Amino acid sequence: MRVDRCGFRSVVALASLLAVAMPTAPAEAQANRQAVSRPAPVIGLQCVPFARHLSGIDIVGNARTWWHQAEGRYERGSRPEVGSVLTFKPTGAMRLGHVSVVSQIVSAREILVDHANWPGPGVPKGRVARSVSVIDVSDANDWTAVRVEIHGRGSGYGRIYPTWGFIYPRTVANVAAADGAVSPAVERLNARAAAAASRPPAYVGQAGAGLDASDLLELADASVRDARPVRSPPAEPHQVAARDFGDDSLVWGAPHRSLR
């Protein structure tokens, strides 16, 4: 049978129209609906808006700028207070610094903090952690060098971090009140921080990360002496025996971003 070119083109056009008009198969339609309704990826929370929300300290900018921005505006010092902000200096692995809010004072050498965007095993960047143990390993007990509990493992502390000190949530005398105006971008960050604060945290630490006072002092002394992780001798069959201060602990606890 002979089909001329015009007839062949007509058949192809009719088949195309039928394919467009044909209803989508149920499985394909379900896949399309899922693709349309799939939620947008979650954007991680940075440490600065979370600390600003918890402390009420009205400073905007990278964490490494907080200590100097607070000069003449907020009181600063070398002793922790509940509600104060511990300011970390920038380092090679943490170029923008970090800020954490003190939630509890455990001893002269240990505090608990709440903060965001400090990752660890099983705790990705951008998440909130609460009641995280931080120990002072400075020579003078002035909190200029600290180690932070490793999130997600419960087996000790990471590397040594230098800090400037604490910013207290009270203004210095004779400081004019700020006008309270913030940009839309900062408003969005603040709203995200408030929402994150109301949700269960990704990690909840413990005082001493399971170590007693003598273990903490030994760890602090060893850290000041040679800046390397050590193993506490298991004098008694308690949690210290299961703790791991191996070299791999140096990998954790260094967020690369601490915006804004």
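Up top you'll find the structure we're talking about.
What you see is a predicted model; the values in this text were computed from it and never measured.

Trainee: For this particular structure, what's the right way to read the overall build of the protein?
Mentor: Each helix and strand in the protein was counted, giving six helices and eight strands. From first element to last, N terminus to C terminus, the protein shows the α and β order α-α-α-α-β-β-β-β-β-β-β-α-β-α. When burial is assessed residue by residue, the protein has 42% of its 260 residues classed as buried. By sequence separation, contacts in the protein at least 24 residues apart represent 63% of the contacts at least 6 residues apart.

Trainee: It is not clear to me how helix H3 (residues 47-55) should be interpreted in this structure. Could you clarify?
Mentor: The periodicity of an α-helix, 3.6 residues per turn, causes residues three or four positions apart to be oriented the same way. Extensive coverage of H3 is indicated by the burial of seven of its nine residues. Of all the positions in H3, only Cys47, Val48, Pro49, Phe50, Ala51, Arg52 and Ser55 are classed as buried. Looking one or two residues past H3, glycine 56 carries a phi angle of roughly 80°, positive in sign.

Trainee: Would you explain helix H5 (residues 184-198) in this entry?
Mentor: End to end, H5 covers 21 Å across 15 residues, agreeing with the expected 21 Å (1.5 Å per residue, within 8%). Against the buried residues of H5 lie H3 and strand E5 (128-136).

Trainee: What is the right way to read the pattern of salt bridges from this model?
Mentor: Proximity of charged atoms lets side chains of opposite charge pair with each other. Counting across every chain of the model gives four salt bridges. One salt bridge connects aspartate 136 with arginine 109, and the closest N-O pair in it is separated by 3.2 Å. With aspartate 136 in strand E5 and arginine 109 in the loop between strand E3 (98-107) and strand E4 (110-116), this residue pair connects regions lying 27 residues apart in the sequence. On the accessibility criterion, aspartate 136 (0% relative accessible area) is buried. Among the ionic pairs, arginine 130 bridges to aspartate 114, the shortest N-O distance being 2.9 Å. Of the two residues, arginine 130 sits in strand E5 while aspartate 114 sits in strand E4, which places them 16 residues apart along the sequence. As far as burial versus exposure is concerned, arginine 130 and aspartate 114 are alike and both buried. One network of salt bridges, with partners in common, ties together Glu75, Glu81 and Arg170.

Trainee: When you look at the side chain of glutamine 46 in this model, what are you seeing that I'm missing?
Mentor: Among the secondary structure elements, glutamine 46 is positioned in the loop between helix H2 (26-37) and H3. A distance of 2.9 Å separates the side chain of glutamine 46 from the side chain of asparagine 117, its partner in a polar contact.

Trainee: Help me out: how do you make sense of the environment of leucine 86 in this one?
Mentor: With respect to the helices, strands and loops of the structure, leucine 86 is situated in strand E2 (residues 85-88). Placed 81 residues apart in sequence, leucine 86 and isoleucine 167 show a C-alpha to C-alpha distance of 6.6 Å. Once you skip the residues sitting within four places of it in the chain, leucine 86 turns out to touch His98, Val99, Ser100, Ile111, Val134, Thr163, Gly165 and Phe166.

Trainee: Would you mind showing me how to read the packing of H3 against H5 here?
Mentor: For any two helices packed against each other, one specifies the crossing angle of their axes together with the interaxial distance. At their nearest, the axes of H3 and H5 sit 8 Å apart, and the two run at 70° to each other. Considered as vectors, H3 and H5 are oriented roughly perpendicular to each other. Along its contact with H3, which presents Pro49, Phe50, Arg52, His53 and Leu54, the element H5 presents Val186, Leu189, Asn190, Ala193, Ala194 and Ala197. Here the residues of the contact of H3 with H5 sort into eight nonpolar, two polar and one charged.

Rules and cut-offs
Residues numbered from 1 in each chain as written. Predicted model: local features only at pLDDT ≥ 70, side-chain atom pairs only at ≥ 80, totals over all residues. Heavy atoms only, no water. Helix = DSSP H or I, 4+ residues; strand = E, 2+ residues; numbered from the N terminus. Buried < 20%, exposed > 50% of the residue type's maximum accessible area, 1.4 Å probe, protein only. Contact = heavy atoms within 4.5 Å. Expected span 1.5 Å × (residues − 1). Salt bridge = Lys/Arg side-chain N within 4 Å of Asp/Glu carboxyl O. Polar contact = N/O pair within 3.5 Å; in protein donor to acceptor, adjacent residues only side chain to side chain. Axes fitted to C-alpha atoms, helices over the stretch in contact; angles between N-to-C directions. Parallel < 35°, antiparallel > 145°, perpendicular 65-115°, else oblique. Nonpolar A, V, L, I, M, F, W, Y, C, P; charged D, E, K, R; others polar.

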